[in-house]
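Close look at the chain arrangement
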Amino acid sequence: MTGALWLFLTFVAVTLMITWWSARQSKGASAYFAAGRRIKAWQNGLAIAGDYMSAASFLGIAGLIALKGYDGFMYSVGFLVAYLTVLLIVAEPLRNSGKFTMADVLAYRLKARPVRAMAALSTLIVTTFYMIAQMVGAGSLVKLLLPGVSYELAVIGVGVLMIVYVVFGGMLATTWVQITKAILLLAGSVLLSVLVMAQFGYSLGNFFDAVSEVTWVDPKTGREITQNFLQPGLAFKGTIGAIDLISLGLALVLGTAGLPHILIRFYTVPDAKTARMSVVWAMLAIGAFYLMTTFFGFGAATLLTPANIPDQNMSAPLLALHLGGELFFAFISAVAFATILAVVAGLTISASTSFAHDFYTNVIHHGRERSPGEEVRVARIAAFVVGATAILLAIGLRSTNVAFLVGLAFAVAASANLPPMVLALFWKRFNTAGACWGLGVGLTSSILLILLSPSIMGTDGSALIAGEPIFPLRNPGIVSVPLGFAAAILGTLLSREHHAEDKFAEFTVRANTGLGAEKATHG
Amino acid sequence: MSDKDLDLTTEVSSEADVTRLGRSGPKPDHERTADEDVDIVDWERVASTADFAALVQARARFLIPATIFFLVYYFALLILVGFFPDLMSTPVPGLGPVNLAYLFAISQFAMVGFVTWAYLRAAKNFDAIATKIRDDALSNRSEAKP
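Residues numbered from 1 in each chain as written. Chains lettered and ligands numbered in written order. Predicted model: local features only at pLDDT ≥ 70, side-chain atom pairs only at ≥ 80, totals over all residues. Heavy atoms only, no water.

Structural notes on the overall build of chain A
In terms of helices and strands, chain A carries 21 helices and four strands. Expressed as a percentage of its 523 residues, the buried residues of chain A come to 66%. Long-range pairs, those at least 24 residues apart, make up 80% of the contacts in chain A with a sequence separation of at least 6. Taken as a whole, chain A presents about 17300 Å² of accessible surface, with 67% of it coming from carbon and sulfur. (Helix = DSSP H or I, 4+ residues; strand = E, 2+ residues; numbered from the N terminus. Buried < 20%, exposed > 50% of the residue type's maximum accessible area, 1.4 Å probe, protein only. Contact = heavy atoms within 4.5 Å. Areas by Shrake-Rupley, 256 points an atom, 1.4 Å probe, with all protein chains shown as cover.)

Put into C-alpha cells, the structure is as follows:
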C-alpha cells in the first residue's frame, strides 16, 4: 500500500497548504475581525461545523453503522438535534451579553476566581476526553496506511507530531482553517455517498433492500449470518441497553451547548442575529453531513460487510478503497486526517488558553503576568500535558469506537458545564456556591461513572481496570446530568449571595437585548 | 516594549481567537465582570419597562413550548427504539424494507428544520422589541446626561 501512502502524504500536504494559504488570506483582515468581528453568518456557521465534525462523526459513526446498523445512526440524529439546544438556549444570550466562554458567563455576576478555576478544570477534562477520540482515530488511520507499524507507535508518533505542529504552528485554529476543513469533509462525504449509490443503480429501493439483508460469514465461527441492519437493538440490547441509549441521548442533546471550543465561535460574529444565523448555517452543513452517514455507514455494512472491517474506526477509508481504489482511499484518508488535525488544533487551543489564562494567570496570580510570555509558556505546557494524557489513554482504548469516546466528552460537558450555565442565564438566585457545586459534582460523578462502567472495567484482560463493571451503563448521562443540576440547585439554596442577585437585572437586560454588547463596533 | 510586542497571541493561536495570551493591557470586554463593566444605561430601569417585560414574555412563550416539543420528540424516538425494538422494526407500508424506527429517525431531521424555521419566524418579533428597547434606553440616557 505504499502507493496509497504517498498519495495520502501528497493530499495532506496540499490540504495543509490550502489551510496555510487561507489563514494567510485572512491575516490582512484580522485587525478588522478583532475590531468589528464582522465574520459573516455562513462563514462562522461552516467554522462551527468544522470544529464540530471530528473523527467521531466521520470515522466513528461510519464504523458504528457498519457494524451495528440502525443503533449507530442514533449518534447522527443526536449530534444534530443537539444544535436546537445551542440555537434556542445558549447562542443568543451568549453573544448578546458579550460572553464567549462558560467562565465568562459564570464570572460575570458570581465570584470570578473560584468559578474561573472550576471552569478551567472542566474545560481541560472535557477537552482531554474529546482528544482521546481524535488520537485513536489518527492512530488507526496511520496503522492502516503503514501496516508494518504497531498501533502504539502510530498513536504516539502521529499524536506527538500533531501536538507539536499545533503548538508551534499555531495558525490552524483560525476560522478559515475550520471552513476549509468543513468543505473538504462535506465534499468527501458527497463523493463517497455517490459512489455507494452508484453500486445500487442510484435507487434508494435497491439500497435499502440490500441494507435489510446483509449476509456475511463470521470469520471466528465460520457461520453464515444474515442481518437486517435497519433493525434497532443491535448495539443497545434489552432494558439496560434502552436506558443506555436514553443516557447517550441526554449527553448529546445537552452536551453540545457545553463544549468549550464551540462556544468561543460566537466571539467572531458582530451581533446576536448573526450568531443565530451562524447556528442555522452550521445546522445545514451538519444536517447534510449526518444524513449522508446513512449512505456511507449502511453502505459499508452492505458492500464491505462486517467480515471485512477489522477495525471499526476504519470502515469509511476501507469503503473508499473498495469503491474508488487507492487514489480515492488516499483522498478520504487525507480528509479524515485533516479533520482530526483541525479538531485537535481547536481543542488544544481552547484547553491550553483556558488553563493558562483562566487558571494560571487569573486565579493563581490574580490576573497579572509575572513576566512577559509566561502565559504562553504555561499554555504550551498545558497543551503538551493534555496531548500526552490523551495519547496514553488512546493506547489503552485502541479498539473502542471513536464516536462512543466522543459521547463520553459530551456526557462530561452535559453534566458539569450545562447546569451552571443554564442556571446562570435564567435563575436570579443562582450563586457562586451553586456554580462550584454543580461543576464539581457534574465532573466527579460523570468521570467516576465512566471509570466504573463496562467501557473501562472488564474481566477479559483487555480492559483498563480488571474486575466486574460496577456501573452497568456505558453512558453516564442519565445519572450524572441530574446530579449536576441537583448539586447546582442545592449549592445555591444553601447559601445566599446578594451581590449576584443584584446584578441579575443588568445581566438579563444585556442577554435579552444586546445592550452594551456592541461597544466594540460603536467605539 | 510596547503592548503590541507583549501580545504573543499570534504565537499560539490566531489574532481572531478568543483568549489573547501574554496580554499586559486591560481585560478584553468579554472577561469583564458586572462590577468592572461600564454602566451605559440604568439597568434596573430598563428591566422594569413594559417593553422589556413583553420581550421576556414573548421569548418564554415561544422558547418553553419549543424546547419541550423538541425534547419530547427526540426522547420519544429513543424510548420507543430502546424499549420496543420489535414494534419499531415493523416495515412501513409502501416503503419496502424501511421500518418505523428509520422513518422516525429521519423525521428528526425534518423536526429540526421545522423548529428552526419557526424560531427564525418568531425571532423577527423578538428583534423588533429588542431594537426598540435599545433605542429607547440609549436616547433616554442622552436626555438625562446631555
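Quick notes on the interface of chain B and chain A
Between chain B and chain A, the residue contacts involve 74 residues of the former and 85 residues of the latter. In total, chain B and chain A occlude about 6900 Å² of area from one another, counting both sides; carbon and sulfur atoms represent 69% of this. The tally of links from chain B across to chain A stands at two salt bridges. A salt bridge links B:Arg59 to A:Glu92; the nearest nitrogen and oxygen atoms lie 4.0 Å apart. Counting every contact that joins chain B to chain A gives eight residue pairs in polar contact (both at pLDDT 80 or more). Those elements that place two or more of their residues in the side of chain B that touches chain A are α2 (9-12), α3 (43-47), α4 (50-83), α5 (85-88) and α6 (100-144) of chain B. The dominant element in the side of chain B that touches chain A, judged by the number of residues it contributes, is α6(B), at 19 residues. Its residues placed into classes, the side of chain B that touches chain A shows 47 nonpolar, twelve polar and 15 charged. (Buried area = accessible area lost by both parts, 1.4 Å probe. Salt bridge = Lys/Arg side-chain N within 4 Å of Asp/Glu carboxyl O. Polar contact = N/O pair within 3.5 Å; in protein donor to acceptor, adjacent residues only side chain to side chain. Nonpolar A, V, L, I, M, F, W, Y, C, P; charged D, E, K, R; others polar.)

Notes on empty space enclosed by the protein
Residues and elements named next belong to chain A. For the structure on display, the rule yields seven cavities of 30 Å³ or more. Its boundaries defined by the atoms lining it, the largest cavity holds a volume of some 200 Å³. Lining the largest cavity are 22 residues, with Thr101, Thr123, Pro260, Ser354 and Asp358 positioned closest to its centre. (1 Å grid on protein atoms, 1.4 Å probe; cavity = no way out; pocket = protein on both sides within 12 Å on 5 of 7 lines; lining within 4 Å. Points joined across faces, edges and corners; volume = space filled by probe spheres on them.)

Topic: unusual backbone geometry
Residue and element names in this part refer to chain A. Look at Tyr202: it is not a glycine, yet its phi comes out positive at around 55°. Mapped onto the elements, Tyr202 comes out in the loop between α9 (175-198) and α10 (204-211). One non-glycine residue, Thr305, lies in the positive phi region at around 65°. If you trace the backbone, Thr305 turns up in the loop between α13 (272-303) and α14 (315-364).

Things to note about a nonpolar patch on the surface
A surface patch of nonpolar side chains, amounting to about 400 Å² of accessible area, comprises A:Leu393, A:Leu448, A:Leu451, A:Leu464 and A:Ile465. With respect to the helices, strands and loops of the structure, A:Leu448 is situated in helix α17 (residues 432-451). (Patch = residues over 30% accessible without salt bridge, like charges linked within 9 Å, V, L, I, M, F, W, Y side chains within 5 Å.)

Some words on the confidence of the model for chain A
Residues and elements named next belong to chain A. The predicted model of chain A averages 86 in pLDDT, with 93% of residues at 70 or higher. The lowest-confidence element of chain A is helix α2 (residues 30-36), averaging 38 in pLDDT; the highest-confidence one is helix α18 (residues 477-493), averaging 97. Low pLDDT, under 50, characterises residues 28-36; the predicted model gives this stretch eleven contacts beyond four residues in sequence or across chains. Within the model, the stretch residues 519-523 combines pLDDT values under 50 with nine contacts to residues more than four positions away or in other chains. (pLDDT = per-residue confidence, 0-100.)

Digging into the packing of α13(A) against α14(A)
What describes two packed helices is the angle between their axes and the distance between those same axes. All names here are of chain A. Taken N-terminus to C-terminus, the directions of α13 and α14 make an angle of 65°; their axes are 10 Å apart at the nearest point. The two elements α13 and α14 cross, and the hand of that crossing is left-handed. Counted together, Phe296, Gly299, Ala300 and Leu303 of α13 and Ser315, Leu319, His322 and Leu323 of α14 form the full contact between these two elements. The residue inventory of the contact of α13 with α14, partitioned by class, reads five nonpolar, three polar and no charged. (Axes fitted to C-alpha atoms, helices over the stretch in contact; angles between N-to-C directions. Left-handed = near helix turned anticlockwise from the far one by under 90°.)

Re the side chain of A:Asn401
Residue and element names in this part refer to chain A. The topology assignment puts Asn401 in the loop between α15 (374-396) and α16 (402-426). Take Asn401: its relative accessible area is 5%, and that puts it in the buried class. There is a polar contact of 3.0 Å between the side chain of Asn401 and the side chain of Gln312. Sequence-distant contacts of Asn401, defined by excluding residues within four places in its chain, comprise Gly60, Gly63, Leu64, Gln312 and Asn313.

A closer look at the packing of helix α5 (residues 70-97) of chain A against helix α11 (residues 238-255) of chain A
All names here are of chain A. With their axes 8 Å apart at the nearest point, α5 and α11 run at an angle of 40° to one another. Here α5 is positioned oblique relative to α11, judged by the angle of their axes. Crossing of α5 against α11: the hand is right-handed. Contacts from Met74, Tyr75, Gly78, Phe79, Val81, Ala82 and Thr85 of α5 reach α11 at Leu245, Leu248, Leu252 and Val253. Residues that form the contact of α5 with α11 fall into these classes: nine nonpolar, two polar and no charged. (Parallel < 35°, antiparallel > 145°, perpendicular 65-115°, else oblique.)

Brief notes about the pattern of salt bridges
Residue and element names in this part refer to chain B. A full pass over the atoms with the stated rule returns eleven salt bridges over all chains. Across the salt bridge formed by Lys132 and Asp51, the nearest N and O atoms sit 2.6 Å from each other. Of this pair, Lys132 sits in helix α6 while Asp51 sits in helix α4, and the two are 81 residues apart along the sequence. Accessibility expressed as a relative area gives 43% for Lys132, which makes it partly exposed. Across the pair Asp136 and Lys132 runs a salt bridge whose closest N-O atoms are separated by 3.4 Å. Here the residue Asp136 and the residue Lys132 both occupy positions in helix α6, the gap between them amounting to four residues, near one helical turn.

Here we look at helix α7 (residues 112-145) of chain A
Compared with an ideal rise of 1.5 Å per residue, which puts 34 residues at 50 Å, α7(A) spans 48 Å between its outermost C-alpha atoms and is within 8% of the ideal. Most of α7(A) sits inside the fold, with 27 of its 34 residues counted as buried. (Expected span 1.5 Å × (residues − 1).)

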